[in-house]
Amino acid sequence: MTTIITDIRIWDTGETITVRIPDENAETERVLDGSAWVIAPGFADPHVHFRDPGQTDKETMATGAAAAAAGGYTSVLIMPNTLPALDGVSYDGMDALEDLENREDLPVRYALCASASKEREGSAASDFEDWKDRLRKGSKHYKHPVVAVSDDGAAVTNSTLESVVHNCIEAHIPFIDHCEHHTTGVMNEGPVSRKLSLPGIPADTELNIVERDIRMARATGVHLHLQHVSTAAAFDAIRRAKDEGVQVTCETAPHYLALNDSAVEEYGTYAKMNPPLRSAADQLATLEAVCDGTVDMIATDHAPHTAEEKGFGALDAMMSAPNGIIGLETAYPVLRQVLVEEGYIDDTRLVEMLSVEPLRLLGAQAFDIAAFARAHDGELDFASPDIHALETHELSQTDIPGQHPDVVILAPSEQWTIDAEKFASKARNTPFDGWQVRGRVVATLCNGQLTHSRLNDYDDKGLTSCEN
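The structure displayed is predicted, hence computed values, not measured ones.

### Notes on the nonpolar core
Membership of the largest hydrophobic core comes to 132 residues, with the highest contact counts inside it found for Trp37, Ile39, Leu339 and Leu380. Here this core takes seven residues from helix H11 (residues 331–340), the largest share from any one element. Domain assignment of the residues forming this core places at least three in each of domain 1 (2–39 + 366–424 + 436–458) and domain 2 (42–362). By size, the runner-up hydrophobic cluster in this structure holds ten residues, among which are Val147, Ile176, Met297 and Leu361.

See below:
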């Protein structure tokens, strides 16, 4: 049956619309008061690790996509550190994805970041000829479109940098770089690392790569996108480059805004990532960079690991545990709590950083909800064939470009407690388990299809049982 949500606000206009959603779980037609909710363009994450192929004990395309939908995401960019790496060589990770059953039925659009170097080893740039046919060209025949190049998990090496950038320029796609390099250390170098007797990673390991990459972007004109920036000095360098007109964008991640290196004492390996959580001063600088627009977008760097690998979060496993935490299902509530509730930005800017800006990086456009509603008498009817007619060419569900009916319905004021045991992801490696937050995803629709729903948790006034 259909769920009808009335008086729901459009995120950037203040207008209200009625939304009709076919819901297989609804036994009868329901009308919900959505006046406390917001409808926004679906979120896009330009930085995820789905571990498929090669490490499906951590995550699969199916579980990663389900986690994305649960977090309000309709598009993701998959990093190339799969096994084998996504370098375009057959039999490679791209071809291995062909074996995924029901690939086109995944609840999220995805694109790939091709490996900058062969086998992600950093010794030779990957061959443009090996992956150029996977570039998005409007053809219905391509599989797993490549929209950027990176060696994420490691910065592109000095010896391959020029060739990698040349490939990006020839392909007309962004050069995305893991803007940090170190060979030792497991957490930020500072008073906390010394207190815990753990080897530290200096902050300038990030600045060195950022400045190097900016010089290359300045010289070549390549679109440089810097991943998970986390230090004050790096943000200063990016500000200067932007002021000079260098084509550079950057992202940070929720954990660099919500936490600093002191969190390692409390969360152990669930606070171990690369780049590491930085000092309180760097955390403040990251918040300031969001406020002044230096940070263009926020990415989760969703990095699933098994509990055993992560040492179940224990501090004494810091030396051996892999880097990274999951983030798709916690990004919106954590960011809203840290950024909006604390008064740094408003809800409109948060959606811009979670949707509009990352989609632009991926060569896509956010769905114009208000324009569609105005043309359809104030309604957004996902039961109507008109909504699906927005596809401009015959492409599979993996397609990202164009304007598609991808939306997320949000309850900005809903208070709740994060429970990692209820995640759709295979992994549980998060420091945010048990956090009290305000802001929750109600439903996600990708290409007009309901991919995640909590609508049955609400009564006709749009309230959950805990709010009644």
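### Considering unusual backbone geometry
In this model, Asp52 is joined to Pro53 through a cis peptide bond whose omega is 15°. Omega for the bond connecting Asn274 with Pro275 falls within 30 degrees of zero, at 0°, which places this linkage in the cis form. With respect to the element layout, Pro275 can be found in the loop between helix H9 (263–267) and helix H10 (280–291). Its identity is not glycine, yet Asp7 carries a phi of approximately 55°, on the positive side. Take Asp7: it is sitting in strand S1 (residues 2–10). In the Ramachandran plot, Asp377 falls in the positive-phi region, its phi being about 55° despite a non-glycine side chain. For Asp377, a relative accessible area of 75% gives the class exposed.

### Comments concerning the side chain of Asp23
By secondary structure assignment, the location of Asp23 is in the loop between strand S2 (16–22) and strand S3 (30–33). Those residues in contact with Asp23, other than ones at most four positions away along the chain, are Met1, Thr2, Thr3, Leu450, Ser453, Leu455 and Asn456.

### Some remarks on the domain arrangement of the chain
Here the chain is partitioned into domain 1 (2–39 + 366–424 + 436–458) and domain 2 (42–362). Domain 1 and domain 2 are separated by 27 Å when their C-alpha centres are compared. With 34 residues of domain 1 in contact, the opposing surface of domain 2 contributes 43 residues. Counting across the interface, domain 1 meets domain 2 through two salt bridges. As a salt-bridge pair, Arg109 and Asp406 come within 2.7 Å of each other at their nearest N and O atoms. At the junction of domain 1 with domain 2, the criterion picks out nine residue pairs in polar contact (both at pLDDT 80 or more). Elements with a minimum of two residues in the side of domain 1 that touches domain 2: strand S16 (407–417), strand S17 (436–446) and strand S18 (449–453). Residue contributions to the side of domain 1 that touches domain 2 peak at nine residues, all from S17. Considering only residue class, the side of domain 1 that touches domain 2 consists of 17 nonpolar, ten polar and seven charged.

### Some points on helix H4 (residues 158–171)
Across its 14 residues, H4 extends 21 Å between first and last C-alpha, which sits within 8% of the 20 Å expected from 1.5 Å per residue. Residues Thr160, Leu161, Val164, Val165, Asn167, Cys168 and Ala171 constitute the buried set of H4. The buried side chains of H4 occupy one side of the element, clustering within an arc of 155° when seen end-on. Looking at the buried positions of H4, the neighbouring elements they touch are helix H3 (128–131), strand S8 (146–150), strand S9 (175–178) and helix H6 (204–220). In the stretch just after H4, His172 is the one whose phi turns positive, near 60°.

### Thoughts on the packing of aromatic side chains
The geometry of an aromatic ring pair is captured by two quantities: the separation of the ring centres and the angle between the planes. Per the stated rule, a full pass over the model turns up six aromatic pairs. Measuring from ring centre to ring centre gives 4.8 Å for Trp37 and Tyr458, while their planes differ by 75°; the resulting arrangement is edge-to-face. Taken together, the positions of Trp37 in the loop between S3 and strand S4 (38–41) and Tyr458 in the segment after S18 put the pair 421 residues apart, joining distant regions of the chain. Pair check on accessibility: Trp37 and Tyr458 agree, each one buried. Taken together, a centroid distance of 5.8 Å and an interplanar angle of 35° make the contact between Phe43 and Tyr332 tilted. Placement of Phe43 in strand S5 (residues 43–48) and of Tyr332 in helix H11 is noted, with a sequence separation of 289 residues between them. Accessibility expressed as a relative area gives 0% for Phe43, which makes it buried. Among the aromatic residues, ring-to-ring pairing joins Phe43, Tyr73 and Tyr332 into one connected group. Over the ring of Trp416 we find Arg440, and its NZ or CZ is 4.1 Å from the ring centre.

### A few points about the state of the cysteines
Inspection of every chain in the model, using the stated rule, returns zero disulfides. Free of any disulfide, Cys113 has its nearest cysteine sulfur in Cys168, 8.4 Å distant. Between Cys446, a free cysteine, and Cys113, which holds the nearest cysteine sulfur, the sulfur-to-sulfur gap is 20 Å. What makes Cys446 buried here is its relative accessible area of 0%.

Calculation criteria
- Residues numbered from 1 in each chain as written.
- Predicted model: local features only at pLDDT ≥ 70, side-chain atom pairs only at ≥ 80, totals over all residues.
- Heavy atoms only, no water.
- Core = buried A, V, L, I, M, F, W, Y, C linked by side-chain atoms within 4.5 Å.
- Buried < 20%, exposed > 50% of the residue type's maximum accessible area, 1.4 Å probe, protein only.
- Helix = DSSP H or I, 4+ residues; strand = E, 2+ residues; numbered from the N terminus.
- Domains from an automatic or database assignment.
- Contact = heavy atoms within 4.5 Å.
- Salt bridge = Lys/Arg side-chain N within 4 Å of Asp/Glu carboxyl O.
- Polar contact = N/O pair within 3.5 Å; in protein donor to acceptor, adjacent residues only side chain to side chain.
- Nonpolar A, V, L, I, M, F, W, Y, C, P; charged D, E, K, R; others polar.
- Expected span 1.5 Å × (residues − 1).
- Arc of directions from axis to C-beta.
- Phe/Tyr/Trp six-rings, centres within 6.5 Å; stacked < 30°, edge-to-face > 60°.
- Lys NZ or Arg CZ within 6 Å of the ring centre and 35° of its normal.
- Disulfide = S-S within 2.5 Å.

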